[in-house]
Amino acid sequence: MKFRPLHDRVVVKRIDSDEKTKGGIIIPDTAKEKPQEGEVVAVGPGARDESGKLVALDVKKGDRVLFGKWSGTEVKIDGADLLIMKESDIMGVIA
């Protein structure tokens, strides 16, 4: 990918949820919700504080993260559907 986010922005690739429930019921595409889990593909250098000092981001490339249902802006880069969001839209990193 030839895209580098600026400031405190993060590029995330959604991780698709299971197509079956625990009980074995298959969920059709029309009934699925957008996944709120993804993998960080790229991160910006960080935001600047009041004094102009660069503050590094807490997430890094390869982290699995949870984010809000309506977070980010959907884009298509090199044929892949991705989200660009601020680090503050990310709720946490899955260990």
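Described in the following lines is the structure provided in the data block. Sequence order as written defines residue numbering, which begins from 1 separately in each chain. Local features in this predicted model are restricted to residues of pLDDT 70 or higher, and side-chain atom pairs are both shown and tallied only at a pLDDT of 80 or more, whereas totals for entire chains, interfaces and linings draw on every residue. Side-chain figures throughout are based on the complete set of non-hydrogen atoms in the structure, without hydrogens or water.

1. Notes on the side chain of Arg14
Helical segments are the DSSP runs of H or I of at least four residues, strand segments are the runs of E of at least two, and each set is numbered from the N terminus. Along the chain, Arg14 turns up in strand S1 (residues 9-14). Burial classes: relative accessible area under 20% of the type maximum marks a residue as buried, over 50% as exposed, and values in between as partly exposed (1.4 Å probe, protein chains only). Residue classification places Arg14 among the buried residues on the basis of a relative accessible area of 19%. A distance of 3.5 Å separates polar atoms of two side chains, one belonging to Arg14 and the other to Glu74. What qualifies as a polar contact is a pair of N or O atoms within 3.5 Å, subject to a donor-acceptor requirement within protein and to the restriction that residues adjacent in sequence count only when both atoms come from side chains.

2. So, the nonpolar core
Residues enter a nonpolar core if they are buried and are Ala, Val, Leu, Ile, Met, Phe, Trp, Tyr or Cys, with the set joined through side-chain atoms within 4.5 Å. Counting residues in each nonpolar core, the largest one holds 10 residues, listed as Val10, Val12, Val40, Leu57, Val59, Val65, Phe67, Leu83, Met85 and Ile90. Where this core is concerned, the elements lending two or more residues are S1, strand S5 (64-67) and strand S7 (80-86). The residues touching Met85, leaving out its near neighbours within four places in the chain, are Asp8, Arg9, Val10, Val12, Phe67, Ser71, Gly72 and Ile90. Counting residues in hydrophobic clusters, the runner-up holds five residues, among them Val11, Ala42, Ile77 and Leu82. Should any heavy atoms of two residues lie within 4.5 Å, those residues are counted as being in contact.

3. Details of the pattern of salt bridges
For this document, the term salt bridge refers to a Lys or Arg side-chain nitrogen within 4 Å of an Asp or Glu carboxyl oxygen. Following the criterion strictly, the structure yields five salt bridges and no others. Lys60 is the salt-bridge partner of Asp63, the closest N and O atoms lying 3.2 Å from each other. For Lys60, a relative accessible area of 53% translates into the label exposed.

4. Comments concerning the environment of Leu54
Considering the arrangement of structural elements, one finds Leu54 in strand S4 (residues 54-55). Separated by 47 residues in the primary sequence, Leu54 and His7 place their C-alpha atoms 9.2 Å from one another. Once residues lying within four places of it in the same chain are set aside, the contact partners of Leu54 are Pro45, Gly46, Ala47 and Arg48.

5. Structural notes on the environment of Thr73
Tracing the backbone shows Thr73 in strand S6 (residues 73-77). Sequence separation between Thr73 and Ile84 is 11 residues, and the spatial gap between their C-alpha atoms is 5.2 Å. If near-sequence neighbours (up to four positions away) are discounted, Thr73 is found in contact with Leu82, Leu83 and Ile84.

6. Some points on the environment of Glu87
Tracing the chain through its elements places Glu87 in the loop between S7 and strand S8 (90-94). For Glu87, a relative accessible area of 19% translates into the label buried. Along the chain, Glu87 and Asp58 lie 29 residues apart, while their C-alpha atoms are 8.2 Å from each other. In this view, Glu87 contacts Asp8, Val10, Leu57, Asp58 and Val59; residues no more than four positions away in its chain are not counted. There is a polar contact of 2.6 Å between the side chain of Glu87 and the backbone nitrogen of Asp58.

Just geometry here; none of it tells us what the structure is for.
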